[in-house]
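Remarks on the overall topology
What follows is each chain in one-letter form.
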Amino acid sequence: MAQDTHVLDRPPEGASADWTIPQNWQAYTAEEHATWDILFERQAKLLPGRASGAFLKGLDALRLSESGIPNFEELSERLMKLTGWQVVAVPGLVPDEVFFDHMANRRFVAGNFIRRPDQLDYLQEPDVFHDVFGHVPMLADPVFADYLEAYGRGGVRAIELGALKQLGRLYWYTVEFGLVQEAEGLRIYGAGIVSSSAESRFALDDPSPNRIGFDLARVMRTEYRIDDFQQNYFVIPSFDELLRVTIETDFAPLYEEILPLPDIPVAEILPGDAVITQGTQEYARSRP
Ligand SMILES: [Fe+2]
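Keep in mind the model is a prediction, meaning the values are calculated, not measured. Per chain, the residues get numbers from 1 upward, laid out in the order the sequence is written. Given that this is a predicted model, residues contribute local features only at a pLDDT of at least 70 and side-chain atom pairs are listed and counted only at 80 or more, while totals for whole chains, interfaces and linings are drawn from all residues. Side-chain metrics in this entry use all non-hydrogen atoms of the structure; hydrogen atoms and water are not considered.

1. Quick word on empty space enclosed by the protein
A probe as big as a water molecule, rolled over the atoms, marks out the empty space that is left. Stated formally: Of the two site types, the cavity is a set of points on a 1 Å grid over the protein atoms alone where a 1.4 Å probe fits but cannot get out, and the pocket is an open set with protein on both sides within 12 Å along at least five of seven lines, each lined by residues with an atom within 4 Å of a point. Grid points are joined across faces, edges and corners, and a volume is the space filled by probe spheres set on the points. Under the DSSP-based scheme used, a helix requires at least four consecutive residues in state H or I and a strand at least two consecutive residues in state E, with every element numbered from the N terminus. Three classes are used, and their members are as follows: Ala, Val, Leu, Ile, Met, Phe, Trp, Tyr, Cys and Pro are nonpolar, Asp, Glu, Lys and Arg are charged, and the others, Gly among them, are polar.
A complete count under the given rule lists two cavities of 30 Å³ or more for this structure. Within this model, the second largest cavity holds a volume of roughly 30 Å³. What lines the second largest cavity is Gly134, His135, Met138, Phe144, Val175, Tyr189 and Ala191. The leading source of residues in the lining of the second largest cavity is helix H5 (residues 128-139), at three residues. Class assignment for the residues of the lining of the second largest cavity results in five nonpolar, two polar and no charged.

As structure tokens, this is what we get:
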């Protein structure tokens, strides 16, 4: 889902030196294309009024509603015209420096396999639906496109500064599980939410999670759950503001300041938080 753990140290057989592999689009079966269509239809119905305007616009501009798993070459051609980004296939999770290098060069790495029909709601590794439906529409937005490139460049620095965990949390709470305040109300834009039928509802409607105004240092100190719905969502005021903060912040002194501080547990609310919704955490309590 995020650039988290990986098992391989070098590109597996058949992959290029930069870890990319051919998408092999012609090899998808009719059943695999049908799985995409089922997932697509379900989310497309759910997202108007829930997903951010930028996400819905991207979905449209990239013509992702066309039937079947998108062909990365055609998709990249459309995306390239809009924001200069491309989508490239990789074999599962790749090393952090590879992930960041692609991102800093406006290449989004995506898995090329799709979940099985009996796994529509559950998957351990990001598949093509999560990666393409979840992430790529936001890359058609010029501001978000710049943000992700800046993130990639920041990743390379974070490795040098020993702050990968902190920067990874920024990705988690924005790119994967971010909420944005729009004129019409709170909207979802994180790929982990928009690609999940259950979390698309939970993140906005459920009384359980906290919804807290975005603060860069706070976010980078906050732990997260990888195995269940989030107990905290962070809300950005706009994509412009997210990009501005990311570009204008000097991360080296910020890391120096936050690295000695304790991590903030998932559901905790701090005195300085801009609380939008204080969650009941009832959902988390009901889970094993
Ligand atoms: Fe993801």
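2. Observations concerning the nonpolar core
To be explicit about the condition: We define a nonpolar core as any set of buried Ala, Val, Leu, Ile, Met, Phe, Trp, Tyr and Cys residues linked to one another through side-chain atoms lying within 4.5 Å. Exposure is judged per residue with a 1.4 Å probe applied to protein chains only, and the accessible area is read against the type maximum: over 50% gives exposed, under 20% gives buried, and values in between give partly exposed.
The biggest cluster of nonpolar side chains holds 83 residues, and the ones touching the most others in it are Val132, Val136, Phe144, Tyr147, Leu148, Leu170 and Ile188. The element contributing the most residues to this core is H5, with seven residues.

3. Description of the pattern of salt bridges
Operational definition: We define a salt bridge as a side-chain nitrogen of Lys or Arg found within 4 Å of a carboxyl oxygen belonging to Asp or Glu.
Applying the stated criterion across every chain yields a total of 17 salt bridges. The salt bridge involving Asp263 is made with Lys165; its shortest N-O contact spans 3.4 Å. Separated by 98 residues along the polypeptide, Asp263 in the loop between helix H12 (251-258) and strand S7 (275-277) and Lys165 in helix H7 (residues 164-176) bring together distant segments of the chain. For Arg244, the salt bridge identified is with Glu241, shortest N-O distance 2.7 Å. In this pair, Arg244 and Glu241 are both assigned in helix H11 (residues 239-248), three residues apart and thus about one turn of the helix distant. Overall, the relative accessible area of 27% leaves Glu241 in the partly exposed class.

4. Remarks on the UniProt feature "binding site: Fe cation" (unreviewed entry) in the protein chain
So the rule is basically this: UniProt positions are given in the numbering used here, feature names are shortened, and annotations may be inferred rather than shown by experiment.
According to UniProt, the "binding site: Fe cation" (unreviewed entry) feature falls on His130, His135 and Glu176. Taking the farthest pair of C-alpha atoms as the criterion, the annotated set spanning 47 residues converges on one region, since that pair is 10.0 Å apart. Lining the second largest cavity, out of the annotated residues just given, are His135. Inspection of the secondary structure assignment puts His130 in helix H5. For His130, a relative accessible area of 2% puts it in the buried group.

5. Overview of the sheet that holds strand S6 (residues 232-236)
Quick reminder of the rule: Pairing between strands is defined by DSSP: at least two bridges between the two strands are required. Whenever a helix is involved, its axis is fitted only over the stretch in contact; in every case the axis is a line through C-alpha atoms, and angles between N-to-C directions fall within 0 to 180 degrees.
With mixed pairing, the five strands of this open sheet are ordered in space as S4-S3-S6-S5-S7. With partners counted over all chains shown, the strands left at the sheet margins are strand S4 (185-188) and S7, one partner each. Mean inter-strand twist for the sheet, computed between neighbouring axes without regard to direction, equals 35°. As judged from the four bridges shared by strand S5 (residues 210-213) and S6, these two strands associate in the parallel manner. Its bridge partner being in S6, Asn210 is matched across the sheet by Asn232.

6. Details of the packing of helix H6 (residues 142-160) against H11
Short version of the rule: Oblique is the label for any angle not under 35 degrees, not over 145, and not in the 65 to 115 range, which are roughly parallel, roughly antiparallel and roughly perpendicular in turn. A clockwise turn of the near helix away from the far one marks a right-handed crossing, whereas an anticlockwise turn of less than a right angle marks a left-handed crossing. Residue contacts follow a heavy-atom distance rule, with two residues in contact if any of their heavy atoms lie within 4.5 Å.
In the contact formed by H6 and H11, the axes pass within 9 Å of each other and the chain directions differ by 25°. One finds that H6 runs roughly parallel with respect to H11. The way H6 lies across H11 gives a crossing that is left-handed. Residues Val143, Phe144, Asp146, Tyr147 and Ala150 of H6 lie in contact with H11, whose contacting residues are Phe239, Asp240, Leu242, Leu243, Thr246 and Ile247.

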